[in-house]
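# Structural features, examined
Letter by letter, the chains look like this.
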Amino acid sequence: MRITVTVDGTSYTDDVEPRTLLVHYLRQQLGKVGTVVGCDTSNCGACTVHLDGHSVKSCSVLAVQADGSEVTTIEGLARDGELHPVQRAFHDNHALQCGYCTPGMIMQSIDLLADHPDPDEQTVREGLEGNLCRCTGYQNIVRAVQDAARHMRPGAGPAAERVGEPTGTASGIGGGGE
């Protein structure tokens, strides 16, 4: 099937097998390896991306379901070499740890902050409960999300991802998985 998807501000038209998962399309066909494959069963959330501004686990979405949509990956968050406030907060609060869950955690956190711009600890923990950290360092992740909330202007969630300009080349805060 032929699909057209805008990923991180760039439009792609490709032929894909109907059973191709979005995560595999992003990684294998587009080279967006910042989106990692964790469990491949939608349990861990490492593959979380935004589909039309809302977080989805890309291992549970077919590429053909994204036809005509806008996808934002961890690699599309930085602008003009500046990290997204959530990426910056993860760095500043030592929430990166081994880094495997980080892309999904950051993408889910942005979605959470769009709905809860000033979340308390419990709201952050509940909002991220579909994303697992194998290092179990949740305390710093929760602290990072609350720090990001303090630095983000209202509406800086999914609306800020509308890409009309080239993305920055910030080196891999949560975007370097292989």
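Residues numbered from 1 in each chain as written. Predicted model: local features only at pLDDT ≥ 70, side-chain atom pairs only at ≥ 80, totals over all residues. Heavy atoms only, no water.

- The chain has the name Carbon-monoxide dehydrogenase small subunit in an unreviewed UniProt entry, where Saccharomonospora amisosensis is given as its organism.
- UniProt, in the comment section headed Pathway (unreviewed entry), describes the chain in these words: "Alkaloid degradation; nicotine degradation." (UniProt positions renumbered as here; feature names shortened; annotations may be inferred.)

### Comments concerning the environment of Met-1
- Along the chain, the position of Met-1 falls in the segment before strand 1 (2–7).
- Assessed through its relative accessible area of 56%, Met-1 is described here as exposed.
- For the pair Met-1 and Asp-14, spaced 13 residues apart in sequence, the C-alpha to C-alpha distance is 8.1 Å.
- When sequence neighbours within four positions are dropped, the list of residues in contact with Met-1 reads Asp-14, Asp-15, Val-16, Pro-18 and Val-64. (Helix = DSSP H or I, 4+ residues; strand = E, 2+ residues; numbered from the N terminus. Buried < 20%, exposed > 50% of the residue type's maximum accessible area, 1.4 Å probe, protein only. Contact = heavy atoms within 4.5 Å.)

### Describing the sheet that holds strand 5 (residues 70–72)
- Taking strand neighbours across the sheet as the criterion, the 5 strands line up as 2-1-5-3-4 in an open arrangement whose pairing is mixed. The strands lining the two open edges of the sheet, one partner per strand, are strand 2 (10–15) and strand 4 (54–57). Put simply, the sheet's adjacent strands are angled 35° from each other on average, direction ignored.
- Here 6 bridges tie strand 1 to strand 2, and the two strands are oriented antiparallel to one another. (Pairing = 2+ DSSP bridges. Axes fitted to C-alpha atoms, helices over the stretch in contact; angles between N-to-C directions.)

### Quick look at the packing of helix 2 (residues 85–92) against helix 3 (residues 102–115)
- Put simply, helix 2 and helix 3 touch, their axes get as near as 9 Å, and they point 125° apart. Between helix 2 and helix 3, the interaxial angle falls into the category oblique. Along this stretch, helix 2 crosses helix 3, giving a crossing that reads as right-handed. Contact with helix 2, carried on its side by Val-86, Gln-87 and Phe-90, involves Thr-102, Met-105, Ile-106, Ser-109, Ile-110 and Leu-113 of helix 3 and no other residues of that element.
- Here the residues of the contact of helix 2 with helix 3 sort into 6 nonpolar, 3 polar and no charged. (Parallel < 35°, antiparallel > 145°, perpendicular 65-115°, else oblique. Left-handed = near helix turned anticlockwise from the far one by under 90°. Nonpolar A, V, L, I, M, F, W, Y, C, P; charged D, E, K, R; others polar.)

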